[in-house]
Amino acid sequence: MDDDLRKINIGIIGLGNQGKIHLNNCLYMKEANVLGVADVSRNALKLAEKRGIKKTYSNYKELLKDKQIDSVIISLPNYLHAEATIKAAEAGKDILLEKPLARNVSEGELILSSAQKYGVKLMLGYEMKFNKSLMTLHDEIAEGYFGEVQVADAVNVSSGPFSPRGEGTRPLSVPSWWFDKEKVGGGALLDLGSHLINLLNWYFGEVSDIKAFMGFMYNMDVEDIATCVLKYKNGPLASVRVGWFSKGFFQSVQVSGTAKNMFLSLAPSSIFRIISSDIRTKLGWYDHNSMYSEIKYFVDCLLNDESPSPSGEEGLRDLQVIELAYETASRLDKI
Amino acid sequence: MSLVSFVLVNNQEKDSMKEAIVRSLDLINFDFTRNIHRILIKPNMCYYYHPSTGEVTDPQFVSAIVDIFQERFNDPEISIVEADASAMKCKYAFSMLGYDRIVKEIGIKLINLCKEESTEISINIKGSKFDILIPNIFNKSDLIVNVPKIKYMDGVKISCALKNMFGCNANPGKYIYHKELNDIIVNINKHIKTNLVITDGLMVCGKYTKRLNMVMSSKDPVANDAAASRLMGLNPRSVKHIASASKNGVGNMEFNPVGDFNDFITKFPKRGARDDIRKLAASLYSRIFY
């Protein structure tokens, strides 16, 4: 078969906020063919049917039985990552799993060994790695544009899971698993910090030491504020600051090197960028944002039989850093 | 004309809040000698926002009110009430905003109105039928205290005392009422009569969030909201639910301000004509693109 005509048959498991974005992106991608979707919500499945998806499942295990499906995108609550990913690996499907890899390191190790055992590709959904500005920054750091980077700072502050959500004009409540420590595994650090830690690890390599502080302004069992200082083995001191406490959304990366400094504000987007993106979408010229690029890259890796990155191993390293941060924060709390 | 008082809170300490609240109640001649046993306090808990955003009532402010009632009335039974909404669930909001902790400290009750017995009332608005659930607990109370925030709100222009009572409807799917929100607000206020409004104006949501350190009190929710609109630079007659509430006998739109009204009127972060144009442009834009 001619390479140009090859397509990857995809199944999407979980049609929450992220899952819907993945579905939309896949539908715009000529190399991807969405064969089926699975979700417990009837409304979500109806929405997929309206978008032309013929096979819809209320149980993802039924979707995994479909031999025509090559790979799955898993966008489920954290507590279902291990079970669903292991089942998908057993079914021989390549997997794009939304971050974080799992709720904790031991669960992450189970996922990884299962992917290895069944020989399937596993990629983690860290879309920041596909943001053009952050990719350029990676190349500039590697090429020595900043000299030697001594200090870096990454920030992601928003309402996190408490950002108002809705279906059309109908507001929706925050899913209950976000309030359950057992099900979510961690707070703002696991949710938002995992993105930043993965990014900084990509830029600077291996973390050799860590100090962390957590805040609990909303009286939950998980942190809603976290600040970590990471010491990189062959690199800078970097801080990661995250929070679920703000009505506003702010995301930035700053690097300071011996030759140059840079501050990159990623959010909120400029009015010009929002308008231009909306006009392009309205005209049918789909906006190739970082989440689109992420899936395109995953599909390309499958078509070319290459190992995708961020890999499961990277996801596990991120979890190890986060687990260490939780440990050090609880130790510092007792001082 | 109904009295509406405006008092400055000197600092963020609870004692200062109590002092300012007592002064604001004295200015409207609130009678503490009445025989009051059951008190219901309805704060604004519209979503999981922090009180410093100006969106929700500060639990510390509510705690100060509870202290005053416990000191002035003879062994009152006080409950803080709120109902689930489409996006906000009391179970989580009570704990996240710190009400769980407060009730433990001061020995009062927290009530999710959706779990209380209610009476269904059908309302006909422009040919459409709406059912609202009025919790029976309101009929069994001696004093209903409305503790709203003061903020601009799309669709109804302002949110203060009258809008806060919209949250007492025990139907959690409140989004269905948004099409006729002004009329629904008036109807709920006709069925649940606020006896006392104590507005938490510590942080306000105006053109931007601002620490105003204000307490505003009134025995009349319509007068209270009319005064709030003036503070926000709006003519109360242009706010549909205030004008309609006045017409329907919920209260009196004419008010007599007492205390530091003129100070706060200059300090409130008002929206101007430019903001309205910007808002209109944004609304047209979202209709075209979303």
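Here, the structure is the one placed above.
This section reports on the structure supplied with the text. All figures in this text were calculated on a predicted structure; none of them were measured in a lab.

## Side note on the overall build of chain B
In step 1: Check the secondary structure of chain B and you find 10 helices and 12 strands.
In step 2: A compact globule built from 290 residues should have a C-alpha radius of gyration of about 19 Å, and chain B, at 18 Å, falls within 12% of that.
In step 3: Projected onto its principal axes, the C-alpha coordinates of chain B cover approximately 55 × 45 × 35 Å.
In step 4: By the burial criterion, 57% of the 290 residues in chain B qualify as buried.
In step 5: The contacts of chain B with a sequence gap of at least 6 include a subset with a gap of at least 24, amounting to 73%.
In step 6: Here chain B has roughly 12,400 Å² of accessible surface; of this, 47% comes from carbon and sulfur atoms.
In step 7: The positive charge centre, built from 39 side chains, and the negative charge centre, built from 31, are 7 Å apart in chain B.

## Observations regarding the nonpolar core
In step 1: Within the largest apolar cluster, 125 residues are counted, with the highest numbers of intra-cluster contacts made by Leu-101 and Leu-230 of chain A together with Ile-41, Tyr-48 and Phe-69 of chain B.
In step 2: Of all the elements, helix α8 (residues 188-204) of chain A adds the most residues to this core, at 10 residues.
In step 3: Ignoring anything within four residues of it in the chain, the contact list for Ile-41 of chain B reads Val-62, Ile-65, Val-66, Phe-69, Ile-78, Ser-79, Ile-80, Val-81, Val-145 and Val-147 of chain B.
In step 4: Core analysis: the next-biggest nonpolar cluster, separate from the first, contains 52 residues, Ile-150, Tyr-177, Ile-188 and Ile-192 of chain B among them.

## A word on the packing of aromatic side chains
Residue and element names in this part refer to chain A.
In step 1: The full count for this structure, using the stated rule, is 24 aromatic pairs over all chains.
In step 2: An angle of 85° between the planes, with centres 5.2 Å apart, marks the rings of Tyr-145 and Phe-146 as edge-to-face.
In step 3: Classification of Tyr-145 by relative accessible area gives partly exposed; the value is 40%.
In step 4: Geometry around Tyr-79 places Lys-183 over its ring, the cationic atom sitting 5.1 Å from the centre.

## A closer look at the environment of Asp-221 of chain A
Residue and element names in this part refer to chain A.
In step 1: As for its placement among the helices and strands, Asp-221 is situated in the loop between β10 (207-215) and β11 (225-232).
In step 2: Asp-221 sits in the exposed class, given a relative accessible area of 56%.
In step 3: Setting aside residues no more than four positions away along its own chain, Asp-221 makes contact with Lys-181 and Phe-216.

## Some remarks on the pairing of strand β4 (residues 71-74) of chain A
Residues and elements named next belong to chain A.
In step 1: Taking every second residue as pointing to the same face, both faces of β4 are buried, with Ser-71 and Ile-73 on one and Val-72 and Ile-74 on the other.
In step 2: Sheet analysis places β4 next to strand β5 (residues 94-98), joined by four bridges and oriented parallel. Directly across from Val-72, in β5, lies its bridge partner Ile-95.
In step 3: Handedness of the crossover is the feature at issue here: the chain leaves β4, passes through helix α4 (residues 78-90), returns alongside β5, and the resulting connection is right-handed.

## Structural notes on the sheet that holds strand β2 (residues 32-38) of chain A
All names here are of chain A.
In step 1: Overall, parallel pairing links the six strands, which are arranged β3-β2-β1-β4-β5-β6 in an open sheet. Edge positions in the sheet fall to β3 (55-57) and β6 (122-125), since each has one partner strand and no second. On average, adjacent strands in this sheet sit at an angle of 25° to one another, irrespective of strand direction.
In step 2: In terms of strand pairing, β2 meets β3 through three bridges, oriented parallel. Along β3, the bridge assignment pairs Val-37 with Thr-56.

## Notes on the sheet that holds strand β14 (residues 261-267) of chain A
Residues and elements named next belong to chain A.
In step 1: Within the open sheet, the six strands sit side by side as β10-β11-β12-β7-β13-β14. Their pairing is mixed. The outermost strands of the open sheet, each flanked by one partner alone, are β10 and β14. The mean inter-strand angle of the sheet, taken between neighbouring strand axes irrespective of direction, is 10°.
In step 2: Packed on one face of the sheet, helix α6 (residues 132-142) meets β7 (149-157), β13 (250-257) and β14 and runs near 160° to β14.

## Focus on the pattern of salt bridges
In step 1: Counted by the stated rule, this structure contains 27 salt bridges over all chains.
In step 2: Residues Glu-31 of chain A and Lys-296 of chain A are paired through a salt bridge, measuring 3.3 Å at the closest nitrogen-oxygen approach. A residue pair is termed long-range when its members are at least 10 positions apart, and Glu-31 of chain A in the loop between α1 (17-27) and β2 and Lys-296 of chain A in helix α10 (residues 290-303) qualify at 265 residues.
In step 3: On the accessibility criterion, Lys-296 of chain A (23% relative accessible area) is partly exposed.
In step 4: Here Lys-55 of chain A and Asp-66 of chain A are joined by a salt bridge, their closest N and O atoms 2.8 Å apart. In this pair, Lys-55 of chain A sits in strand β3 while Asp-66 of chain A sits in the loop between α3 (60-64) and β4, placing the two residues 11 residues apart along the sequence.
In step 5: On the basis of relative accessibility, which here comes to 10%, the residue Asp-66 of chain A falls in the buried class.
In step 6: Salt bridges here are not isolated pairs; linked through shared partners, they connect Lys-14, Lys-18, Asp-67 and Glu-71 of chain B.

Parameters and conventions
Residues numbered from 1 in each chain as written. Chains lettered and ligands numbered in written order. Predicted model: local features only at pLDDT ≥ 70, side-chain atom pairs only at ≥ 80, totals over all residues. Heavy atoms only, no water. Helix = DSSP H or I, 4+ residues; strand = E, 2+ residues; numbered from the N terminus. Rg over C-alpha atoms; globule rule 2.2 N^0.38 Å. Buried < 20%, exposed > 50% of the residue type's maximum accessible area, 1.4 Å probe, protein only. Contact = heavy atoms within 4.5 Å. Areas by Shrake-Rupley, 256 points an atom, 1.4 Å probe, with all protein chains shown as cover. Lys, Arg positive; Asp, Glu negative; His and termini not counted. Charge placed at Lys NZ, Arg CZ, Asp CG, Glu CD. Core = buried A, V, L, I, M, F, W, Y, C linked by side-chain atoms within 4.5 Å. Phe/Tyr/Trp six-rings, centres within 6.5 Å; stacked < 30°, edge-to-face > 60°. Lys NZ or Arg CZ within 6 Å of the ring centre and 35° of its normal. Pairing = 2+ DSSP bridges. Right-handed = clockwise from strand over helix to strand, strands pointing away. Axes fitted to C-alpha atoms, helices over the stretch in contact; angles between N-to-C directions. Salt bridge = Lys/Arg side-chain N within 4 Å of Asp/Glu carboxyl O.

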